[in-house]
Amino acid sequence: MRETGMGGPLFRDRGDAGRQLAEALASRPMESPVVFAIPRGGIVVAAELARRLGAELDVVVARKLGAPYRPELAIGAVTAEGDTYLNSEVLRQLQVDDRYLQQVVRSEREEAHRREQRFRDDREPVDVRGRTAILVDDGLATGATMRAAARSLRRRGPGQLIIAVPVGSREACRDLRGEADDVVCLAQPEPFYAVGLHYADFEQVGDAEVVRTLAQQHLTRR
């Protein structure tokens, strides 16, 4: 694990990050692995990892729950299946009422469901029962969406659940250990400001790229 400071980008781009993750995971014993991306940014990292491991590729869409009047501040996250993580400390500090919380959870869950259907193009989710599930994003800041996604995957009965990210804050990587069998984080820079600062190329990923990447991976494995 690297604990570098702000000396420059750690990765050329998301593809480079995926290749480095594959090197870190290649020697691990895994049972018929499936790589799950948290889109959008995570799909590029996950696709490269899946190719290197010869694994199937799928997605888990998790949506951030924004605070009242401060949508950029996460009070938690929710998946299409309704698996939810709530940051109790932030909820208490902001005194978020139940009515708002129920409304934002319902709205973001519906949006997550809509996006999963679009991304998969009506394909069924990959069956992960008894298999190794590797849950991937391009980085961890607060870890809210990763927590919700991990809970969704855990409920589907994998034999092993691994969270794998190229870079993340030390606190997020530590706190996520309770959500998975293992957490692989290649670098935990201190201080940690933002995921994108650790990539030379952090170009935005669009919905169309997620759809195309999943379709290509599906056709390759047929």
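Scroll up for the structure.
From a predicted model like this one, the values you see are computed outputs, not experimental measurements. (Residues numbered from 1 in each chain as written. Predicted model: local features only at pLDDT ≥ 70, side-chain atom pairs only at ≥ 80, totals over all residues. Heavy atoms only, no water.)

Undergrad: How would you explain the packing of helix α1 (residues 14-25) against helix α2 (residues 42-53) if you had to name every residue and give the values?
TA: Where α1 meets α2, the closest approach of the two axes is 7 Å, and the angle between their N-to-C directions is 40°. By the criterion of interaxial angle, the relationship of α1 to α2 is oblique. Seen along the crossing, α1 lies across α2 with a hand that is right-handed. Facing Arg 14, Gly 15, Ala 17, Gly 18, Arg 19, Leu 21, Ala 22 and Leu 25 of α1, the residues of α2 in contact are Val 44, Val 45, Glu 48, Leu 49, Arg 52 and Leu 53. Its residues assigned to classes, the contact of α1 with α2 comprises eight nonpolar, two polar and four charged. (Axes fitted to C-alpha atoms, helices over the stretch in contact; angles between N-to-C directions. Helix = DSSP H or I, 4+ residues; strand = E, 2+ residues; numbered from the N terminus. Parallel < 35°, antiparallel > 145°, perpendicular 65-115°, else oblique. Left-handed = near helix turned anticlockwise from the far one by under 90°. Contact = heavy atoms within 4.5 Å. Nonpolar A, V, L, I, M, F, W, Y, C, P; charged D, E, K, R; others polar.)

Undergrad: Break down the packing of aromatic side chains for me, citing the residues and quoting the values.
TA: Taken as a whole and assessed by the stated rule, the structure comprises two aromatic pairs. Between the aromatic rings of Phe 11 and Tyr 199, the centroid separation amounts to 5.4 Å while the plane-to-plane angle is 40°, which identifies the pairing as tilted. Highlighted residues: Phe 11 in the segment before α1 and Tyr 199 in the loop between β8 (182-187) and α7 (207-220), separated in sequence by 188 residues. Here the two residues Phe 11 and Tyr 199 agree in accessibility, since each one is buried. A ring pair is formed by Tyr 199 and Phe 202, whose centres lie 5.1 Å apart and whose planes are at 40°; its orientation type is tilted. (Phe/Tyr/Trp six-rings, centres within 6.5 Å; stacked < 30°, edge-to-face > 60°. Buried < 20%, exposed > 50% of the residue type's maximum accessible area, 1.4 Å probe, protein only.)

Undergrad: Tell me about the pairing of β8, and name the residues and values.
TA: For β8, the tally of buried residues reaches five of six residues, placing the bulk of the element in the interior. The pairing of strand β7 (residues 160-167) with β8 spans five bridges and is classified as parallel. Bridging across to β8, Ile 163 finds its partner in Val 183. Handedness of the β-α-β unit built from β7, helix α6 (residues 170-175) and β8 comes out right-handed. (Pairing = 2+ DSSP bridges. Right-handed = clockwise from strand over helix to strand, strands pointing away.)

Undergrad: Account for unusual backbone geometry, with residues named and values stated.
TA: Looking along the chain, the bond that leaves Pro 39 and enters Arg 40 is cis, with omega of 15°. Relative to the assigned elements, Arg 40 resides in the loop between β1 (34-37) and α2. Across the junction of Glu 190 and Pro 191, the peptide omega takes the value -5°, indicating a cis bond. Position of Pro 191 among the secondary structure elements: in the loop between β8 and α7.

Undergrad: Any details on the side chain of Arg 131? Residues and values, ideally.
TA: Positionally, Arg 131 belongs in the loop between α4 (98-120) and β6 (132-136). Residue Arg 131 is classed as buried on the basis of its relative accessible area of 15%. At 2.9 Å, the side chain of Arg 131 and the backbone oxygen of Ser 32 are in polar contact. A polar contact of 3.0 Å, which involves the side chain of Arg 131, links it to the backbone oxygen of Asp 127. When sequence neighbours within four positions are dropped, the list of residues in contact with Arg 131 reads Glu 31, Ser 32, Pro 33, Val 34, Glu 56, Val 126, Pro 158, Gly 159 and Gln 160. (Polar contact = N/O pair within 3.5 Å; in protein donor to acceptor, adjacent residues only side chain to side chain.)

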